[in-house]
Every structure is written in structure tokens, then in C-alpha cells.
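Single-letter residue listing:
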Amino acid sequence: MSDVPPQVSNATGAVSGSLVQAGTIHGGVHFHRVPAEIAKPRQLPLPPAHFTGRVPELEALSRAVGGRALVVITGAGGIGKTSLALRWLSQVPELGRDGQLFANLGAFDPSGPVRPADALGQFLRALGVAPEKVPASLAEQQALYRTMTADKSLAVLLDNASSADQVRQLLPGGTDGVVVVTSRRRLSALAADGARWVDAAPMDTETSLVLLSNVIGAERVAAEPDAAARIVAACAGLPIALAVIAARLVARPKWSLARVLGELENERTRLKGLSKHEDLSVSAVFDMSYSQLSDEAAQLYRRLSAHPGPQFSTDAAACLTTEAAEHALEELVDTNMLEEVREDRFQFHDLLRLHAAQRATEQETEQARRVCWEWYLVSAMAADRAATPNRRRLPHAFTSLGHKDFDGARDAVDWLEEERGNLRAVARQGVPEISWRVVDAMWPLFLHRRYNQDREELEELAVEAARACGDEVAEGRMLFQAGMGCKARGDHAKARRCFARAQAVNERTRDGWNTGNVEDGLGSACLADGDAGQAVEHFRRAAEVWGEVAGAERKVAISMLNLGRAHVAVDRAATALPLLIEAKARLTALGDVDPYHHARHDVFFAEAYLKDGQHELAEQHASKALSAMASLNSAFGQGLALEILSTLAQRTDPERAEELRGRALALFELVDAPDADRLR
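What you see as residue numbers is a count from 1 along each chain, following the sequence as written. Where local features are concerned, this predicted model is filtered to residues with pLDDT of at least 70; where side-chain atom pairs are given and counted, the filter is 80 or more; whole-chain, interface and lining totals use all residues. The side-chain values count all of the structure's non-hydrogen atoms but skip hydrogen atoms and water molecules.

Enquirer: Just checking my understanding: could you explain the overall build of the protein chain for this structure?
Expert: Tallying secondary structure elements over the protein chain gives 32 helices and eight strands in all. Exposure classes here rest on a 1.4 Å probe applied to the protein chains alone. A residue is buried below 20% of its type maximum, exposed above 50%, and partly exposed in between. Buried residues in the protein chain amount to 56% of all 680 residues. Whether two residues touch is decided by their heavy atoms; if any such pair falls within 4.5 Å, the residues are in contact. Looking at the protein chain alone, contacts between residues at least 24 apart form 71% of all its contacts between residues at least 6 apart. Shrake-Rupley sampling with a 1.4 Å probe provides the accessible areas, and residues are treated as covered by the protein chains on show and by no other component. With an accessible surface of roughly 27,300 Å², the protein chain has 49% of that area assigned to carbon and sulfur atoms. Helix numbering and strand numbering both begin at the N terminus, where a helix is a DSSP run of H or I of at least 4 residues and a strand a DSSP run of E of at least 2.

Shown next as C-alpha cells:
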């Protein structure tokens, strides 16, 4: 027996090599197991450098701890709830000795509050679960999250929460540590969960003056005490307003406080519902800084209020201006009109987003929104082409726009993952002709990183959007992709229903590509259900359809590969081998260099040769497949190869066979593959 490469060393079994295009992959895999090593995340942002005062609130927070504490900090927008939470948590590091988790729950984000499933997915990934192993359902995510945190002391900050139910679904499973929630709403229903409340009040005049002194220098405040007092009064005790004014004073060290106060008192616009003072308002503070922006920065400030999601990159901002976006963004950050949350990632405070939107005209807002939608669409299409270059694309009319460029497949899928929230927002908000195309372009993300909950919602939305466009070719395409999504989630019955709906549409359009895809999809669903005989018929029809479609040579080869596998499943190895040989020859002739497809070929060859009694060839192909799958860190693929090698070893070395079987079982269990049942 030849030496067998060691099993995957990555504890999560995640692929770390180059991303590859996988055609139709059989054998649904679900990921619910706890990783062997749980990471210790440190997600909390640093507290503000000039945090001032808040002694009563800090003391109240300290009194609330004991066991697993749940504390709700409530107060008006811009009052400094997040800064208070971060400052206090930085003073009690022992409460987060096993890790820190942070999520902005987006109560007032333009795309709506964050879904608990999205926040749980973020937490699970931070705790060491590979993206493709995050469970599909919310209940399974909660179960895994609570299991992973059961014996941990975590500091969890749930910022900007919208409801008690949203918070309740994100509570960890341990009996130690602390969960801090910030919200403008009181969330009284959390009393049932043992919550305690800390009210964040506006800063008093003395504290505001100290904060202003800390930022701009005590000597400037001491030199003009009356102007300083009137400035902080205008800020109504809101740190966000004081930060905007302080940024202006820092940028103009020679200016007097009286000059800035004069500018402030000349502003008359009010932000409805937020007036805190009879003479001056928060809006006046924002208006003063807005009036001093350069034309380019002011224009970008207004237009960014129409951005579909809460955060954006420099590249995304650049689509809204003809000037260099970097300079305008730097100006907005320097004036505290925009926050840089991390490198090349920006967001508004929600009060400033509202202010920016009110300064934009309706026409400017609608134009900016459309430009953003189309930029994300063409960038997602570029990512799709980089990650899955052999996919068919339907014609579109948006290629004249600039877009994000990508350095290979991994970079492209990483970008799709980074922008997942914005792409989802575009799909929800956009016009139908944009919505379905955005979801279509997210295919590589769903293929390689799963995100099954997003996929289910968005593919159903895409089907409706394509239908609303009256584009039946697009509708058939999205029904096929929805069916593949159902199959990936293990819902084979629903997958077949989607494929049947697609067939009905395809009969009207006579689109060969969609027809071939649906036959392949039905074959894969049948094979996953154990109906290999019916799978053979679907794969045979798929190969016939592809043979009549111009430019579909690669699809012919993949259907032949699938057909060969189905023949092996019904014990027709002699029939399967010529199909596998021809499929490999066709892909090689096309210059196909997809390493995953070639590794799959070797697994299928090994299965066929094993069934045909050609054990030496079976061992050669299984060993080759194992090595290739190990280089791709594919735990599932390694398990298949090891299972074949174990079967071969039973003839000559039962002890070795048992060892290989155990390794295959461990890998299948690692990714919760149903194949593990064969080996138990």
C-alpha cells in the first residue's frame, strides 16, 4: 500500500488555497460541529481617546455585574452610549477574559436592523467557525453559539439594538461575563432576562467644557470662557455635536472661539424633533460644519446619504464623485462628519446621515441611489467573472460604469463576502432589473462560503424580480439557482419543485443553457436522494442538451462526469469508466485547469475502478485525489478518498483499513457530512 498523505491540518477544514470553480457538486454537506479550537476574539473598538466624565453611569454599570450580567444603556441619539459602554468594558477586562464580541445591530440603518442570523454568523466566525460551516437555520446557529460559549466569560457589546427580541437571540450560553446593550429604546421586555438599566443623560456644562478643553486645549477655553460656555450649551450635552465643533476648532488653531460661536449662531435650520435648546439646535452645529466643507466634500456628504448600506469603502464612495474621493473622505473624517471604522471603511452616525439626506435634493438623492446600485452590480459582476469565469452571463446594459477590480478568485470572493450586506441591501432596494442580477452575481459567494440564509431569501427575491421584468430566460436561470440553493441546504423536495418550475419556464423560452442546467440540477437532487437510476436519466439528457448548445463544451464534459458517477452508484462501473475518461479528455482539451474538478475526477475514477475490480488503478487515483484534496484543504474530498483507500486495505491490512476508516469518519463528522453514516 502506498503512503497516504496526512489528513487536513486546519482544524476547521476550511479551504485556504486558491478558490476554484466547482460545477455541480454532489453530496450535500451541513456544518454544525464545534471547532476543535475556539478562537478568542477581541472585537471591541477602542474607547474614545478624550472620554470625559460619566462617573455616575460608570459606577452604575459596575454595580450591575455579577454572574452573567445583562445591562442596557439607554438614551437619546448622539448621547454617547457606545463610548460609555466601550470605556467601561475597557476598565473591566476580566469580564471578557475568554473573548470580546461586538455587533452594530443597526436600529436606524438605511437597510434596516441587522437580522439575528447575520449577527450570530458574525459571532460564530469570530469564534473560529469557518464561513462555510455556519449552520443554515437560526435555531441551529443559536444552539451552536450557546454551546461554544457555555463555559466562557465573554464581554459582548450589542450596539444600537432595535428590539428586545433581537437582543434575546444573541445572548451567549455562559453563566459568567457581561452583555452590554445600547439603544435609544428602553427595551423593557428584557427585564424577563434579568436586565438592568443605566440611563445615559446629556453631559452637563462642566463636563462638556472639560471635554472641549481636552480636545482643543485648556488655554483656548480659559481665554474665552463665555464663548466656550455658549458653544457647549449649543451642543445640548451631545458628544456627537461637540465633537463636530471641536474638530473644526482643532483644524483652525488660530481661530477664536467667538468666531466659531458667531458662525454657529447664524445657522437657523433645525433638525426636526431633536431641538434641545430654545435658541440653538443640534442641526445648527451640523449646519455650521457643513457650510465650511469644500464643494467636493459637501457634495459627497449629501450623496453618501443615499448609500444602500451602513458602511462603504473608498471605491464605493468614488462612484459618487468626479473628483478624488480620498481627499473628500479625509475632509469629512477630519471634521467628524464621517467615521472611519477601520482602514478604508466608513460610516455615518445616523444623525449625520439624516442631516446629509436633508441637505440633498430629491433628484440628487435618487440619482446617487441609482449610481450606487449600478456600481455594486457591475462590481459584483466583475467579481463573479473573476471567481467563476466559465459561467454563462446574460446580456446587460451596465458595463459602461467603472467597477472594482480583482486580483484573482480569492480576492473576488473575499470582496463579495465583505460587501455582502450592501449587496443584500441593493437586491432588496433596487429596481427588479438590478435586483435579480445582483443576486445572480453573488453565486460564487454562495458556492464557496455558503451563507444559506441569505441565499434562500435573495434567490426567492431574484425569481420574483426576474418575473417582474418579464424576462423568462432570467426567471428560468434564477429558479435553477434557487433549486441549487435548496439542494445545498438539504431540502431536496423543494429543490425538485424549483427545478420543475424552471422546466415549465424553459419549455416556453427554449433556452438551451437553462434547460441543461435544470437537467443537471435534477440529476444532482436525485443522486443526493439515493435515486441514482433517475439521476442517470437526467444527466444523460443534460449531456444531450449541452451537445446542441453552442459554446457549451465544458458543460458537456461536466455532465458526462456526473453521468459516470451516477453509473458507478448503480454498479455499472464498466459503463462509467469510458464516460469518465472522455470527460477528463474533453476538459483537458479545453485547457481546464480547475484543480477541484481534476481531484473530483480522481475520486470518481477510484470509485469506478474499485467497483470494476481494478484495485491497483483505484489505489493510484484515490491516493492522487487525497493529495490534491489535502492541498485544497477539502475535508470532505479527503474523506471520500480515505474511504476508498480503507476499502482497498481491507484485503491485505485490516488494521490499516480501520485507521483509514477512522480518519475518513473524523473528516466527514468535521463537516457534518451525511456520508459519515456509512462508516459508523
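Enquirer: Would you mind showing me how to read the nonpolar core here?
Expert: Here is a general trend for soluble globular proteins: nonpolar side chains tend to be buried in one another's company. Core analysis: the largest hydrophobic core is formed by 127 residues, its most contacted members being W88, L212, I245, Y301, L304, F312 and W415. For this core, the element with the most residues is helix α16 (residues 362–387), which contributes 11 residues. Beyond its immediate stretch of four places on either side in the chain, L304 contacts F312, A317, L320, L329, L338, F348 and R353. Note on terminology: a nonpolar core comprises buried Ala, Val, Leu, Ile, Met, Phe, Trp, Tyr and Cys residues joined through side-chain atoms within 4.5 Å. If you look at the next biggest cluster of nonpolar residues, it comprises 53 residues, including L580, V603, L645 and L679.

Enquirer: Please explain helix α27 (residues 573–589) as it appears in this structure.
Expert: For an α-helix the count is 3.6 residues per turn, leaving residues at separations of three or four pointing the same way. Multiplying 1.5 Å by the residue count of a helix minus one yields the expected span of that helix. Relative to the 24 Å expected for 17 residues at 1.5 Å per residue, α27 spans 24 Å between its end C-alpha atoms, a close match to the ideal helical length. Restricting attention to buried positions, one finds in α27 the residues A573, A576, L577, L579, L580, A583 and L587.

Enquirer: How should the side chain of H492 be read in this particular structure?
Expert: With respect to the helices and strands, the residue H492 is situated in helix α23 (residues 492–509). Here the side chain of H492 touches D529 through a polar contact of 2.9 Å, side chain to side chain. Not counting residues within four places of it along the chain, the set of residues in contact with H492 comprises K487, A528 and D529. Any N or O atom pair separated by 3.5 Å or less is treated as a polar contact, with the protein-specific requirement of one donor-capable and one acceptor-capable atom, and with residues adjacent in sequence counted only for side-chain atom pairs.

Enquirer: What is the right way to read the environment of A236 from this model?
Expert: Topologically, A236 is positioned in the loop between α8 (225–234) and α9 (239–251). Overall, A236 belongs to the buried group, its relative accessible area being 16%. Between the alpha carbons of A236 and M203 there is a distance of 7.9 Å; along the sequence they are 33 residues apart.

Enquirer: When you look at the pairing of strand β3 (residues 153–159) in this model, what are you seeing that I'm missing?
Expert: Regular strands show a simple pattern: their side chains alternate between the two faces of the sheet. Burial analysis of β3 places seven of its seven residues in the buried class, the great majority of the element. Across the two faces of β3 the burial is the same, with S153, A155, L157 and D159 and L154, V156 and L158 all buried. As judged from the five bridges shared by strand β2 (residues 100–104) and β3, these two strands associate in the parallel manner. Bridging across to β3, Q100 finds its partner in A155. Strand pairing follows a simple DSSP-based rule, namely that at least 2 bridges must link the two strands. Examined bridge by bridge, β3 and strand β4 (residues 176–183) share six bridges and lie parallel to one another. The partner of L158 across the bridge, within β4, is V181.

Enquirer: Where do I start with helix α2 (residues 81–91) in this structure?
Expert: Buried within α2 are the following residues: K81, L84, A85, L86, W88 and L89. Where α2 is buried, its residues meet α1 (55–63), β1 (69–74), β3 and β4.

Enquirer: Looking at this structure, how should I read a negative patch on the surface?
Expert: Patches here are clusters of residues that have more than 30% relative accessible area and form no salt bridge, with a 9 Å joining cutoff for like charges and a 5 Å cutoff for nonpolar side chains (Val, Leu, Ile, Met, Phe, Trp, Tyr). Throughout this description, the term salt bridge denotes a Lys or Arg side-chain nitrogen within 4 Å of a carboxyl oxygen of Asp or Glu. When charges are tallied, Lys and Arg are placed among the positive residues and Asp and Glu among the negative ones, while His and the ends of the chain are skipped. By convention, charge coordinates are those of NZ in Lys, CZ in Arg, CG in Asp, or CD in Glu. On the surface, E326, E340, E343 and D344 cluster together into a negatively charged patch. Its place among the elements puts E343 in the loop between β7 (339–342) and β8 (345–347). Given the relative accessible area of 74%, E343 is considered exposed.

Enquirer: Mind showing me how you'd approach the packing of helix α12 (residues 295–304) against helix α15 (residues 350–359) here?
Expert: Angle between the axes and distance between the axes: these two values describe a pair of packed helices. As a rule, the C-alpha atoms of each element are fitted with a line to give its axis, helices using only the stretch in contact, and angles between N-to-C directions run from 0 to 180 degrees. At a minimum axis distance of 7 Å, the contact between α12 and α15 shows a crossing angle of 105°. The angle between α12 and α15 falls in the class roughly perpendicular. Contacts from Y301, R302 and L304 of α12 reach α15 at L352, R353, H355, A356 and R359. Side-chain classes follow a simple rule in which Ala, Val, Leu, Ile, Met, Phe, Trp, Tyr, Cys and Pro form the nonpolar group, Asp, Glu, Lys and Arg form the charged group, and the remainder, Gly included, forms the polar group. Split into classes, the residues belonging to the contact of α12 with α15 amount to four nonpolar, one polar and three charged. Note on angle classes: values under 35 degrees are labelled roughly parallel, values over 145 roughly antiparallel, values of 65 to 115 roughly perpendicular, and the remainder oblique.

Enquirer: Whenever I open this one, the sheet that holds strand β6 (residues 311–312) confuses me. Can you help?
Expert: One open sheet accounts for three strands, arranged β6-β8-β7; its pairing is antiparallel. Each end of this open sheet is capped by a strand with a single partner; those strands are β6 and β7.

Enquirer: Just checking my understanding: could you explain the pattern of salt bridges for this structure?
Expert: Counted under the stated rule, the structure contains 45 salt bridges. One salt bridge in this structure joins R370 and E374, with 2.7 Å as the shortest N-O distance. With R370 and E374 both in helix α16 and four residues apart, the pair spans about one turn of that helix. A single network of salt bridges, built from pairs that share partners, joins R115, D118, R420, R424, R428, D454 and E457.

Enquirer: Please clarify how the sheet that holds β2 should be interpreted in this entry.
Expert: Spatial ordering of the open sheet is given by β2-β3-β4-β1-β5, a layout of five strands whose pairing is parallel. Of all strands in the sheet, those with a lone pairing partner are β2 and β5 (196–199), marking the two edges. Looking at each pair of strands side by side, their axes are set apart by 15° on average, direction ignored.

Enquirer: So what exactly am I meant to see when it comes to the packing of aromatic side chains here?
Expert: Within a pair of aromatic rings, the relevant descriptors are the distance that separates the centres and the angle that separates the planes. Aromatic rings from Phe, Tyr and Trp, taking only the six-membered ring of Trp, are treated as a pair when their centres fall within 6.5 Å; an angle between ring planes under 30 degrees marks them as stacked, one over 60 as edge-to-face, and anything in between as tilted. Enumeration over the complete set of coordinates arrives at 11 aromatic pairs. With a centroid separation of 6.2 Å and 25° between ring planes, the pair formed by F312 and F346 is classed as stacked. Here F346 lies in strand β8 and F312 lies in strand β6, a separation of 34 residues in the sequence. By relative accessible area, F312 is classed as buried at 0%. The exposure class of F346 is buried, given its relative accessible area of 5%. Considering the side-chain rings of W375 and W415, the 6.2 Å spacing of their centres and the 70° angle between planes classify their relative orientation as edge-to-face. Linking W375 in helix α16 with W415 in helix α17 (residues 409–418), this pair joins segments that are 40 residues apart in sequence. Classification of W415 by relative accessible area gives buried; the value is 8%.

Enquirer: What's the story with the side chain of T335 in this structure? I'm lost.
Expert: Its place among the elements puts T335 in the loop between α14 (325–334) and β7. Overall, the relative accessible area of 18% leaves T335 in the buried class. From its side chain, T335 meets the backbone oxygen of L332 in a polar contact 3.1 Å long. Each residue touching T335, except ones within four places of it in the same chain, is listed here: V244, A247 and L293.

Enquirer: Can you help me understand the confidence of the model for the protein chain in this one?
Expert: Parts of the prediction with low pLDDT should not have their coordinates interpreted in detail. Per residue, pLDDT captures the predictor's confidence, and it can take any value from 0 to 100. Taken residue by residue, the protein chain gives an average pLDDT of 86. The fraction at 70 or more is 90%. Within the model, pLDDT remains below 50 along residues 1–36, and this stretch shows 126 contacts once partners closer than five positions in the same chain are excluded. Segment residues 268–280: pLDDT under 50, and 25 contacts once partners within four positions in sequence are set aside and those in other chains are kept.

Enquirer: Sorry if this is basic, but what is going on with the environment of Q122 here?
Expert: Assignment of secondary structure puts Q122 in helix α3 (residues 116–126). Residue Q122 is classed as partly exposed on the basis of its relative accessible area, which comes to 30%. Distance in space between the C-alpha atoms of Q122 and F102 is 9.2 Å, their sequence separation being 20 residues. Non-local contacts of Q122, meaning those with residues more than four positions away in its chain, are made with Q43, F102 and A103.

Enquirer: Is there a simple way to think about the packing of helix α18 (residues 420–429) against helix α21 (residues 452–468) in this case?
Expert: Direction vectors running N to C along α18 and α21 enclose 30°, while the axes themselves pass 10 Å from each other. One element, α18, and the other, α21, form an angle in the roughly parallel class. By crossing handedness, the relation of α18 to α21 is classed as left-handed. Across the interface between the two elements, R420, R424, A427 and R428 of α18 pack against D454, E457, L458 and L461 of α21. In the contact of α18 with α21, the residues fall into three nonpolar, no polar and five charged. Here a crossing is called left-handed whenever its near helix is offset anticlockwise from the far helix by less than a right angle, and right-handed whenever the offset is clockwise.

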